[in-house]
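Structural description and commentary
If you want the building blocks of each chain, they are given just below.
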Amino acid sequence: MATHPRAQPNFRNLFIKPFWMTLVTALRTLGRPIFGWGYHNKSEEMLDEHSKNRVSGSVMNDVSSHDYAADREGSDLYPNLWKPMTLMYPYERLEDLEPWLFVPGQYNGRIGVIWETCTACKLCVKICPNDCLHMSTELRVDILDGAEGENAGYGSNLEVGGWAAVEVSGAKEFQETRNPVTSHDAPIDEFRFGEVIDLSGDTATVRWNDTGGEDIVERGELLKADDQIISGRIDIGRCMFCGLCMEACHFTSFFMTNEYDGMSGFTRQELWFDAARTRVLIGEHQEVVDAELAKRATKERVKREKKAAKVKAEA
Amino acid sequence: MADWLQLNDWLYDGLDSALNTALHGTPLADYAGFMALVLAATLACVSVLGVFMMGLGLILWIEPKLWARMMDRRGRTTDWRSLWVGEQGVTAGEWWNKVPYGLGRPIGALNRWLNKVMGNASKHPSVERVNNRSWHGAWWALPGFVQTIADGAKFLTKEHMPPTKADRLIYEISPFLIISSTVLIIGFMPFSSGIYAINPELSVLFALAIFGIAPLGVFFAGWSSNNKYTLIGGIRSAAQLTAYEIPLLITVLGVCVLSGSFNFIEIVNFQHSAGAWNFFLLPLGFGLFIITMIAEVERIPFDMPEAEAELVEGWWTEYGGMRWGLLFAAEYMRVWAACILCAVFFLGGWSAPFAGLMGNLGVVGVVWNDLIPGVVWTMLKSLFIFLIFVWARASLPRVRTDQILEFGWRYLLPLSVVQLVIAVILRLSFYDPAGLGSGSAWDGGSGFFWLVPLVVFVVSMAIFIVYSIDEDKDPPSRPYHVHTVEPAGTHVAGSVGGRQKIGNTGMR
Amino acid sequence: MAQMWITMGPQHPMTHGLWTLRVKVDGETVVDTEPELGYIHRGVEKICEARDFTQITPYCDRLCYVSAMTWAHSYIYSAENLLEVEVPERAEYVRLIATEIQRVTSHLMWLGAYSPDIGNLTIFTWCLRDREMFIDLMQELGGSRLHYNFPRVGGVKRDLPIGFAQRCRAKIALFLERLKEYEMLLDESTVFLVRTQGVGLASAEAMVNAGVTGPNLRAAGVNYDVRWAHPYSVYDELDWNPSVEKPSSSKGADCYDRYRVRMEEMVHSCEMVLEALDKIPGGAESHYSPGDEMIQSKAPLRAPAGSSGFHHYEDCRGESMFYLQGGGEGRGKHPYRVSIRSPMFITIPFVAKTMIGYKIADIPAIMGSFDPCIGETDR
Amino acid sequence: MGMKISSKANIAAAKSAVEAIKSRFDSVGVEVSSAQHASGHKRTYVSIACPPAHWLALAKWMRFDGGVNHCSMITGVHHPEGGPDKGWEVIAHLMRMPVVDQKPGKALVHDAAKLSGDDVPMEYEVVLTLPQTDTPVVPSVQSIWVGADWNEKETWDLVGIDFEGHEYMMRVLNPHDSPQGFHPLQKQHHLRYHGHNEMYDDAQGFMRLPVDVDKVK
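Within any chain, residue numbers begin from 1 and follow the written order of that chain's sequence. As they are written, the chains are lettered A onward and the ligands numbered 1 onward, keeping that order. Reporting of local features is limited, given that this is a predicted model, to residues whose pLDDT is at least 70; pairs of side-chain atoms are given and counted only at 80 or more, and all residues count toward the totals for whole chains, interfaces and linings. The basis for every side-chain value is the complete set of heavy atoms in the structure, and neither hydrogens nor water enter the calculation.

We now examine the overall build of chain C. Each helix corresponds to a stretch of at least 4 residues labelled H or I by DSSP, and each strand to a stretch of at least 2 residues labelled E; elements are numbered beginning at the N terminus. Across its full length, chain C holds 14 helices and eight strands. As defined in this context, the radius of gyration uses C-alpha atoms, and a globule is described by 2.2 Å times the residue total to the power 0.38. Rg of the C-alpha trace for chain C: 21 Å, near the compact-globule value of 21 Å for 379 residues, within the 12% margin. Projected onto its principal axes, the C-alpha coordinates of chain C cover approximately 70 × 45 × 35 Å. Contacts are residue-level and defined by heavy atoms, with any inter-residue pair within 4.5 Å sufficient. Taking all contacts inside chain C whose residues are at least 6 apart in sequence as the whole, residues at least 24 apart take part in 72%.

In structure tokens, the structure reads:
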């Protein structure tokens, strides 16, 4: 049975009410509400303070001067408030019309990475459900480790589970005498890398990467090595913008900007975004980046004070 | 009543005298009359077709605009400028400079002016954001009008792919059957007393007979496309058009009985001279005519042959290229022809509304009644009728096929007979031919010249309102049979029940 | 009269997705039907066996792409049963608000797709216009328009944004007024009533036996709803009762009843959201940063072998359910088996049988009224 | 406040359901117990471990005497390393719903607080365990619950557990011409990461890479 009081298939319902309703909708789109219905397109207080001062400086569109309605606020292009809701995309942009939708950090747009603060921990590569993040890293010896003189002690020191490196004997001489243009054999590696299993006293057991065998080596010979990032690539064609990589990154160098266009290409290779195309406007996330760098600086200072205190204690 | 724009007379007399004087004394002299006749007839037909096509372009633009507004959106906003400016501002350059003798200069000027007003040069803040492709165009330039022309032209480039096992002969003939019969109707429709292609004695019978040929073509198209969907569409349209042809003809018969003639022009003259439009005398007839015409041209409430939901495109699915383009245009031509017929039968063709009232307003009256040519009035009235068609399309869902047929046979047919009886009674008892000239043929013996139409109209409106105020609490038994069968719950899963296996359903 | 099989093929306006309905037709009357599913079977259950518990949520969003939030929550509740995780009170309220807004969005998408099936094309644009309001609310919450990856095991990814409550109240107030306009165009139109009343009859007990639940079942006169029968979240703290429609014939509910149930349900969902915004612990105006213990509690990442968890959930189309078994690869980080119950996978064969006896033109009317969503059907 | 079935009513209903089944089927080796969900409202449900042989009898009794009128889902699980007596598992989730046909114009509006006895909605989980075998077979309950029809089709299609007595068994989710014996959810089929170029144009898998090529080692 029809719970709607007037829903009976009789003569009156044949066309009167439907015709009236479509006529009203048509007249409403022509501009200032000729037919009133105050509730329709009533001005609402939609812009919250937080978004207002965030976008008040916007050049394109004096956002804070709009009067907003629940179904979509007015736009500078079509000044009168009551109009069809369609957004004329290239000429009206959603972030100008509804700034509260694009709060940076809350919108899953294009992926932005600050490669400088990235420590190649590969948490993001592991968390990505579609395996879109490909990162190539390289084991390198940190030149600050063995430094003497005024920047002694800056380099980090060996840790269990970290990487260590040993100089390959004769590699330096071979490197000087080899003329890369004419030589036929490939350059030999300068260091031999291994994973530090444990550090007891002045000896350390290391499992070598190339052979997999483990042996005990003097701590003096070992140099601290680190897994440095060479290049990163995000396959935007595969990415579903779920935002898990942003949450997995402990070093706040992974952001989802609020850009939603400009990620298109004709071939799948074009959709592979390398470091250049995943830039993040540092200015937008300035405070977060500063916090991260400050955190690392304090960690470094604490380490150096501990080292200095140890040196003073031994002396 | 004489409308100053007597195009036919100018053509026939003008050309006749011109050719006679020009060919006087030459060997062709005695053929001059005949040549003048042929030339004038072609020019008359061309002008009538021109007026009709202008109207068609207008309705093809108005429908999407109005329908979009009813759906709370904007409709087409393609701008004239897109005719000459492609993506990223690609243009053909200043080609008009190369036209000899400087004949291209005005085109260049027009181009610069349009650019200034609607194109690159217009300084609109938001348009600068997007390399200045202005999307909205100026309102007076009918934004979106060019879209129909572009679509029409596009069909010329599309390929015509007849289905492999189609019945080729009928498949090729049926679109021409539909299109030619639709264009032929234009020949009989007068736009004003002086503008018509042919004016035979029984032009109404001719027009409606030709109007009835198209359903045959529709059925042929549906059958010959060798596609189950089009077959169903074709059968549905054949059933629907036959069901609605008869009430349409009886309604038109009522109008002709009332007006006393089977000729369009005489009907309109009668309405003008008798002093009242048939709309006021036969309001029921007007309603019936609109409903049957909507069914004839298969528009939304009676859209089953082309129902998107289950038949996708109905009987014209298998046609492509310009054949489909012309079929689409033919459908809208039939809609426009229906609107003009309705204007001529019921709204007094090319006579100005409130002619008497405006007549005694001095200069305004003169402009209103005489200065504005009859064609403009016919166009305005048929445009108003077309708005009703679009309004119905935006508001009502589709009626199911068997409900359409039931509504046609059980409701419209008796109503149209009733309407014929009313027309006969009005003609016999309330009409006095004496007052024909002075516009008071319907005064029913009293002095007030408008008595009978007023009474008839008021009574009909009263009946309509009484019917509309429907306060009966318990819902009446449904007007349309809805055939319900046992609910499917009785189906026992997996019971094959003589079900015929379809293809390789992977039985293990 | 000769009977012929028509294939309402995978690509067809009636199917609201990719599946085939073979119909044996005798003239205009449907004599027999044969549904054909599996066109967009992506093997989500197999993929989930190789993903961690947090990585599965985005896939569950994409099960039914029109109501992503309800499906992600359906998975998360069963994952919480598996991993034995307590969810803070505020997180349950935020989840309720997100799910009920998504239910309105899903029903609007259904109405927008259903009325062109019957012929009224105007409603399509009206529904999308009003759905746009709610999609904006979801974009604030989840970060994008359709797929949000919003719930986490033990809570939600992000709290209500600042200013969300004021916008939500404004939009719901306008929407409740707009519903009256829909009724003026549909309920008070004889043609719509004639096309939907008395068409597609399905009785309550037949539906339950065939596994059809949700609004389709409530249309037949019983107010059975998983949200109160097997309570979860904070539905029992809100003053709410499910929308139920008295069937119009002894043979069960017809298309019009199903339409009425969904219109009522939209109103109930809106009222629930307003009430939840008032009662949310911590106030709707405050905003806690992600990971805060008010909106997300710590959750273990591994499930021991042999453990299992399941949860019945009220999706917009019926009762959906996830059955998880723990102890998969990665020492239990991946689930051993994920089994998804899609309401529409069970309803579509039932509806195919319901159509027998009606006309061809009724097929879209009946099938559309059950609100098929093929993404979840084929998983 | 809202519609709320008190947990006391829930526990009582579960206990009475367990007693009813135990009294009828205890001698035959069907273990029945009332278990509890781990999180949320911690609702109790009836968990039944039933030998496959008695599944049809148990199902008939539950349907016609136990009032279990809704078959929610039937899941199949493959346990290659589950030991000799646990090779395959079929888990059926059933529900008892207080749903009755209504006369036109009447609606049955339950008030959750006042539900009692058989009207309290109850969840049932029936676990059937099969030993290690290449051809797992379980009796089909298609004739009892229509809802189980397509569930069983899907279980056979994806996991390969056959349902004896199931009419018109066909593949529903996999293409109809997929090879005999290919059931994707069995554990011997492993997921491997498709690089972007081999995703589409490498049907035979000639460009197959080692399983962990891109993964972090």
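On to the packing of helix α4 (residues 89–118) of chain C against helix α6 (residues 164–185) of chain C. All names here are of chain C. Structural elements are reduced to axes, namely lines fitted to C-alpha atoms, with helices fitted over the stretch in contact, and the angle between N-to-C directions of any two is expressed from 0 to 180 degrees. Running from N to C, α4 and α6 point in directions that differ by 30°, and their axes come no closer than 13 Å. Taken together, the axes of α4 and α6 are roughly parallel relative to one another. For α4 against α6, the interelement crossing comes out left-handed. Contacts from Ile97, Ile101, Val104, Leu108 and Leu111 of α4 reach α6 at Phe164, Cys168, Phe175 and Tyr182. When residues are sorted by character, Ala, Val, Leu, Ile, Met, Phe, Trp, Tyr, Cys and Pro go into the nonpolar class, Asp, Glu, Lys and Arg into the charged class, and all the rest, Gly among them, into the polar class. In terms of residue class, the contact of α4 with α6 is made up of nine nonpolar, no polar and no charged. Working rule for angles: under 35 degrees goes down as roughly parallel, over 145 as roughly antiparallel, 65 to 115 as roughly perpendicular, anything else as oblique. Two helices crossing with the near one rotated counterclockwise from the far one by less than a right angle form a left-handed crossing, whereas a clockwise rotation gives a right-handed crossing.

For His268 of chain C, the location among the structural elements is in helix α11 (residues 255–279). Once residues within four sequence positions are removed from consideration, His268 of chain C is found in contact with Asn241, Pro242 and Ser243 of chain C.

Time to look at the interface of chain B and chain C. Counting residues at the interface gives 40 residues for chain B, matched by 48 residues for chain C. Both sides together, the interface formed by chain B and chain C hides about 3,900 Å², and carbon and sulfur atoms give 62% of it. Here, a salt bridge means any side-chain nitrogen of Lys or Arg that lies within 4 Å of a carboxyl oxygen of Asp or Glu. Connecting chain B to chain C are three salt bridges. The shortest N-O distance in the salt bridge between Glu28 of chain C and Arg236 of chain B comes to 2.6 Å. A 3.5 Å cut-off defines polar contacts: any pair of N or O atoms within that distance qualifies, except that in protein one atom must be a possible hydrogen donor and the other a possible acceptor, and neighbouring residues in sequence count only when both atoms are side-chain atoms. On the surface where chain B and chain C come into contact, there are ten residue pairs in polar contact (both at pLDDT 80 or more). Within the residue set of the side of chain B that touches chain C, elements represented by two or more residues are α2 (32–70), α9 (228–259), α13 (308–311), α17 (374–395) and α18 (401–430) of chain B. At five residues, α9 of chain B tops the list of elements feeding residues into the side of chain B that touches chain C. Two parts placed together each lose some accessible area; with a 1.4 Å probe, that loss summed over both constitutes the buried area.

All names here are of chain B. Three or more residues of helix α8 (residues 214–224) are buried, namely Ala214, Pro215, Gly217, Val218, Ala221, Gly222 and Ser224. Structurally, α8 contributes buried residues whose contacts are with α6 (168–188), α7 (203–211), α9 and α14 (321–346). Once α8 finishes, Asn226 follows within two positions and takes phi at roughly 50°, a positive value. Relative accessible area decides the class of each residue, using a 1.4 Å probe on protein chains only: under 20% of the type maximum gives buried, over 50% gives exposed, and in between gives partly exposed.

Another point: the sheet that holds strand β4 (residues 88–96) of chain D. Within a sheet, each strand pairs with its neighbour through backbone hydrogen bonds, oriented either parallel or antiparallel. All names here are of chain D. An order of β1-β2-β5-β4-β3 is seen for the five strands of this open sheet, with the pairing classed as mixed. Two strands lie at the open edges of the sheet, namely β1 (31–36) and β3 (70–78), each paired on one side alone. Between one strand axis and the next, the sheet turns by 20° as a mean value, whatever way the strands run. Bridge analysis of strand β2 (residues 44–49) against strand β5 (residues 122–130) gives four bridges, and the strand direction is parallel. When the sheet's bridge partners are listed, Ala49 is paired in β5 with Val127. Across the sheet, helix α2 (residues 55–64) lies against β2, β4 and β5, angled at about 170° from β5, the strand it touches most. Paired strands are those between which DSSP finds at least two bridges.

For the rest of this paragraph, the subject is the packing of α6 of chain B against α7 of chain B. All names here are of chain B. Look at α6 against α7: their axes get within 9 Å of each other, and the N-to-C directions meet at 170°. As judged from the angle between their axes, α6 and α7 are roughly antiparallel. Contacts between α6 and α7 involve Ser181, Leu184, Ile185 and Phe188 on the former and, on the latter, Ser203, Phe206, Ala207, Ile210 and Phe211. Taken together, the residues of the contact of α6 with α7 break down into seven nonpolar, two polar and no charged.

Bringing the interface of chain C and chain D into the picture now. The partner chain D presents 69 residues to the 68 residues of chain C that form the contact. At the junction of chain C with chain D, the criterion picks out four salt bridges. A salt bridge links Glu49 of chain C to Lys187 of chain D; the nearest nitrogen and oxygen atoms lie 3.0 Å apart. Where chain C touches chain D, the interface holds 27 residue pairs in polar contact (both at pLDDT 80 or more). Taken together, the residues of the side of chain C that touches chain D break down into 29 nonpolar, 20 polar and 19 charged.

A residue counts toward a patch only above 30% relative accessible area and without a salt bridge, and it is joined to like-charged neighbours within 9 Å or, for Val, Leu, Ile, Met, Phe, Trp and Tyr, to nonpolar neighbours within 5 Å. Areas reported here follow the Shrake-Rupley algorithm with a probe of radius 1.4 Å; residue values treat only the protein chains shown as occluding. Here Asp and Glu are counted as negative and Lys and Arg as positive; His is not counted, and neither are the chain ends. Taken as the charge location is NZ of Lys, CZ of Arg, CG of Asp or CD of Glu. Together, Arg219, Lys306, Lys307 and Lys310 of chain A make up a positively charged patch on the protein surface. Note on placement: Lys310 of chain A falls in helix α7 (residues 286–314).

Turning next to the nonpolar core. Membership of the largest hydrophobic core comes to 173 residues, with the highest contact counts inside it found for Ile48, Trp55, Tyr124, Val126 and Trp145 of chain D. Sorting elements by how many residues they give to this core places α4 of chain C first, with 13 residues. Not counting the four nearest positions on each side in its chain, Trp145 of chain D is found in contact with Asn209 of chain C together with Trp55, Ala59, Arg63, Val68, Asn69, His70, Cys71 and Leu94 of chain D. Each nonpolar core is a collection of buried residues, namely Ala, Val, Leu, Ile, Met, Phe, Trp, Tyr and Cys, held together in the definition by side-chain atoms within 4.5 Å. Formed by 98 residues, the second largest nonpolar core is a distinct cluster that contains Ile186, Ala276, Leu383 and Ala423 of chain B.

In this section: the state of the cysteines. Defined by distance alone, a disulfide is two cysteine sulfur atoms within 2.5 Å. Applying the stated criterion across every chain, the model contains one disulfide over all chains. The disulfide partner of Cys64 of chain C is Cys373 of chain C, and the S-S distance across this bridge is 2.3 Å. Between Cys64 of chain C and Cys373 of chain C, the S-S torsion sits near 125°, and that sign places the bridge as right-handed. You can see Cys64 of chain C sitting in the loop between α2 (53–61) and α3 (68–83) and its partner Cys373 of chain C sitting in the loop between α13 (362–369) and α14 (374–378), a full 309 residues away along the chain. Cys373 of chain C matches Cys64 of chain C in its accessibility class, with the two residues each being buried. Not part of a disulfide, Cys249 of chain A finds its nearest cysteine sulfur in Cys121 of chain A, a span of 6.0 Å. Since its relative accessible area comes to 14%, Cys249 of chain A is described here as buried. Unpaired in this structure, Cys342 of chain B has its nearest cysteine sulfur neighbour in Cys339 of chain B, at a distance of 7.5 Å.

Residue and element names in this part refer to chain C. Across the sheet, which stays open at both edges, the three strands sit in the order β6-β7-β8 with antiparallel pairing between neighbours. Of all the strands in the sheet, just β6 (308–315) and β8 (337–341) have a single pairing partner and so form its edges. Looking at each pair of strands side by side, their axes are set apart by 10° on average, direction ignored. Where β6 lies against strand β7 (residues 318–325), eight bridges are found, and the strand directions are antiparallel. Considered in β7, the bridge of His312 is made with Met321. In the packing of α3 onto the sheet, contacts are made with β6, β7 and β8, and the angle to β6 comes to roughly 150°.

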